Amino acid sequence: MNNPLLKPFDAAPFSEIKSDHFLPAIKNGISIAKKQVDTIVSNSEPPSFSNTIEALEYCGELLDRVTSVFFNLNSAETNEEIQKIAQEASPLLSEFSNDIALNLDLFKRIEVVYTQKESLDLNPEQSRLLEKRYKSFSRNGANLPDEKKEKLREVDKELSTLSLKFGENVLAETNKFEMLLTNESDLAGLPEGAKEAAKSMAEAKGKKGWLITLDYPSYIPFITYADNRELRKKLALAFGSKGFHNDDLDNQEIVLKIANLRHQRALLLGYSSHANYILEERMAETPDTVFSFLNEILEKAKPAAEREFKQLTSYAKELDEIDHLQKWDGAYYSEKLKQKLFDLDDEKLKPYFKLENVIEGVFTVAHKLFGLQFKEVNDVDKYHEEVKTYHVTDTEGNFVSLFYADFHPRPGKRNGAWMTSYKSQMRKNDKNIRPHVSIVCNFTKPTPSKPSLLTFNEVTTLFHEFGHALHGMLANTTYPGLSGTSVYWDFVELPSQVMENWCYEKEALELFAKHYETGEIIPMELVEKIKESATFMEGMSTLRQLSFGLLDMSWHAQDPSDIKDVKAHEKTTFSATSLYPNVEENCMSTAFSHIFQGGYSAGYYSYKWAEVLDADAFEYFKENGIFNREIATKFKDHVLSKGGTENPMTLYKRFRGQEPKPEALLKRAGLIK
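Here the structure is a predicted model, which means the values were calculated and not measured.

**Q** How do you make sense of the overall build of the protein chain when you look at a structure like this?
**A** On a plain count of helices and strands, the protein chain comes out with 27 helices and nine strands. Computed over its C-alpha atoms, the radius of gyration of the protein chain comes to 25 Å, within 12% of the 26 Å expected for a compact globule of 673 residues. Dimensions of the protein chain along its principal axes, counting C-alpha atoms only, are 80 × 60 × 55 Å. Buried residues in the protein chain amount to 58% of all 673 residues. In the protein chain, the proportion of contacts linking residues at least 24 apart, taken out of those at least 6 apart, comes to 74%. Just so you have it, the protein chain exposes about 28,200 Å², and 49% of that area is on carbon and sulfur atoms. A gap of 1 Å separates the mean positions of the 83 positive and 102 negative side-chain charges of the protein chain.

This is the structure:
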């Protein structure tokens, strides 16, 4: 077979790849990587940093490239065929990674180098790599007796299959639900753009009327603006009950199995819980630290959230005689109250946020801070015609990165927004190999009469994902395993969250927030209102984030074997943070992809943790000017380019000159004066 994935390639050759190329390429990649490992193990020379640790770091390059292309497509442009291949490939990859992690001869060589580390004269990055490599073996069972190693293999194989199945079920549930409205009065309250998008979607499916789905650009406007309370309820129940219907797409059993298998795995490896295992390699270090962190913020946020909820309840009562506020009322009345208090709604703002202008804006911000230039190119292969591709260069014109951007929802694309990579940055044979980075979003599509106009929330999402992308693009390390976003999970959100701050600043907004028809720059009073409204309902919003973090820890910081009922467990966990009445038909865990499919298990608290870092970091910019080149260079040199080469707190302090303080976050959120 003439397989494009098995020939050397720089940019991924999407147009040449057929689905049946993937499995042979993955199997081939595994086979080559195994041979490379055998070469390391059978080396007659004494183990050294270069013949063991470095050699292992550069193993499996082909496999890494092929799997990054494959799994990125499985998220952004999947189909039944790809999903089937994923079900077959995941256990093979899990088996392979266990073959490496449980290879005793390989571990012995690593151990020899590790015990000599004090006398090896390694630089910080080499020390970090050695430590990471040694820990990845000891933390993944290399010291276990054979029967426990075998058990670990079984657990890992089952976990990889279950998390894939979990994600497929969520995607299928999202795609399955459609609410076709044929009576225009049912759309009362909806902005024109949202109505037009719903009409276009119905037409695309050969239907008459207006089609509302569970994709964010369809779901969010309806739940926020539609006056028809019953239809909001219908939509919210569908959204909140994904994977919770006791049918073939049900995720309840899968959630229980994943939680229990993770716990078993942790016990096998000598940890008291999955959270203890995960947090050993995080800034937080222990579950106790996470719980105190979440509870400390909860203490500050809860009184504010309760005040806001009371205000919202009395506003809904005054406006529409509603006695009990339900979950499907929250966004609707919040938006109405926001409009009343600030005379600000997304429909006023959207004309200033044409997607193309916002992209140009985020590029300009990156140029002013880090000297980067972005040039759209059309000679790079894409996996879908909507994807945009850019060459990124520095002030001297040196190539920095290839950048892919994919902005709109499609049936084969999962919900949400994320950054990913097709090729890691590394130094090899005296050459600095530059990365290929991608962001994937689900923003409102253009319609026949309007371009893609973003809500302010979508603007901050774009800046957020672009912050992750900068972390990947500006990577400048030797080893791929320490490059870009390969950092502690509770540090990875710092570059993304800090970038969101520029969306609230007049100096930055004036660069790109221009009316799509008149070219008028966003009026100053709207900028002021954006800033004023930034803390609107922040107590409730903080409480919601904390509830997700606590739910995550409730699955992973204890023995979950006593949990028999997913919904009942959730109700208990949410009792400290819930404001709205419980909805029996809904369940969060069965669609909580971050923790059951993504990499956030025992790590959802990271968003809040990184907010403390980002508020503190941005305070530094504000004190010295938001486009201060000197501080931006310090951020690039000590955070963005360093990846995981040193302890994150060491890097942060080098940038900031001190440890972060939570006051900046609490002040920004309006939770303390």
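Next comes the rest of the write-up.
**Q** Help me understand the pattern of salt bridges in this model?
**A** Once the charged atoms of two side chains with opposite charge are near each other, the side chains can pair. Following the criterion strictly, the structure yields 39 salt bridges and no others. Glutamate 386 is paired through a salt bridge with arginine 410; the nearest N and O atoms lie 3.3 Å apart. A residue pair is termed long-range when its members are at least 10 positions apart, and glutamate 386 in the loop between strand E3 (373-376) and strand E4 (388-393) and arginine 410 in the loop between strand E5 (399-406) and strand E6 (418-423) qualify at 24 residues. Residue glutamate 386 is classed as partly exposed on the basis of its relative accessible area, which comes to 26%. Since its relative accessible area comes to 7%, arginine 410 is described here as buried.

**Q** How do you make sense of unusual backbone geometry when you look at a structure like this?
**A** Excluding glycine, residues mostly have negative phi values, and the peptide bonds linking residues are mostly trans. Positive phi outside glycine occurs at aspartate 430, with the angle close to 65 degrees. Here aspartate 430 lies in the loop between strand E7 (426-428) and strand E8 (431-433). Phi at alanine 602 is positive, roughly 55 degrees, even though this residue is not glycine. Of note, alanine 602 is situated in the loop between helix H23 (593-596) and helix H24 (606-624). On the basis of relative accessible area, alanine 602 is assigned to the buried category, the value being 0%.

**Q** Help me understand the sheet that holds E5 in this model?
**A** Across a sheet, paired strands are connected by hydrogen bonds in the backbone, their directions being either parallel or antiparallel. In spatial order, the strands read E3-E4-E5-E9-E6; together these five strands make up an open sheet with mixed pairing. Here the strands that pair on one side only, and so sit at the sheet edges, are E3 and E6. Strand-to-strand twist in this sheet, taken as the mean axis angle between neighbours without regard to direction, amounts to 25 degrees. Strand direction decides the pairing type here: E6 and strand E9 (residues 436-440), joined by five bridges, are antiparallel. Within the sheet, the bridge partner assigned to threonine 420 lies in E9 and is serine 438.

**Q** Any chance you could explain helix H10 (residues 229-240) here in plain terms?
**A** Structural remark: α-helix, 3.6 residues per turn; residues separated by three or four positions point the same way. The terminal C-alpha atoms of H10 lie 16 Å apart, and with 12 residues this matches the ideal 16 Å at 1.5 Å per residue to within 8%. Looking at H10, one finds that the buried residues are Leu231, Arg232, Leu235, Ala236, Leu237, Ala238, Phe239 and Gly240. Against strand E1 (179-181), strand E2 (210-212), helix H9 (216-225) and helix H14 (327-342) lie the buried residues of H10. The opening residue of H10 is asparagine 228, an N-cap whose side-chain oxygen sits 3.1 Å from the backbone nitrogen of glutamate 230.

Parameters and conventions
Residues numbered from 1 in each chain as written. Predicted model: local features only at pLDDT ≥ 70, side-chain atom pairs only at ≥ 80, totals over all residues. Heavy atoms only, no water. Helix = DSSP H or I, 4+ residues; strand = E, 2+ residues; numbered from the N terminus. Rg over C-alpha atoms; globule rule 2.2 N^0.38 Å. Buried < 20%, exposed > 50% of the residue type's maximum accessible area, 1.4 Å probe, protein only. Contact = heavy atoms within 4.5 Å. Areas by Shrake-Rupley, 256 points an atom, 1.4 Å probe, with all protein chains shown as cover. Lys, Arg positive; Asp, Glu negative; His and termini not counted. Charge placed at Lys NZ, Arg CZ, Asp CG, Glu CD. Salt bridge = Lys/Arg side-chain N within 4 Å of Asp/Glu carboxyl O. Pairing = 2+ DSSP bridges. Axes fitted to C-alpha atoms, helices over the stretch in contact; angles between N-to-C directions. Expected span 1.5 Å × (residues − 1). Polar contact = N/O pair within 3.5 Å; in protein donor to acceptor, adjacent residues only side chain to side chain.

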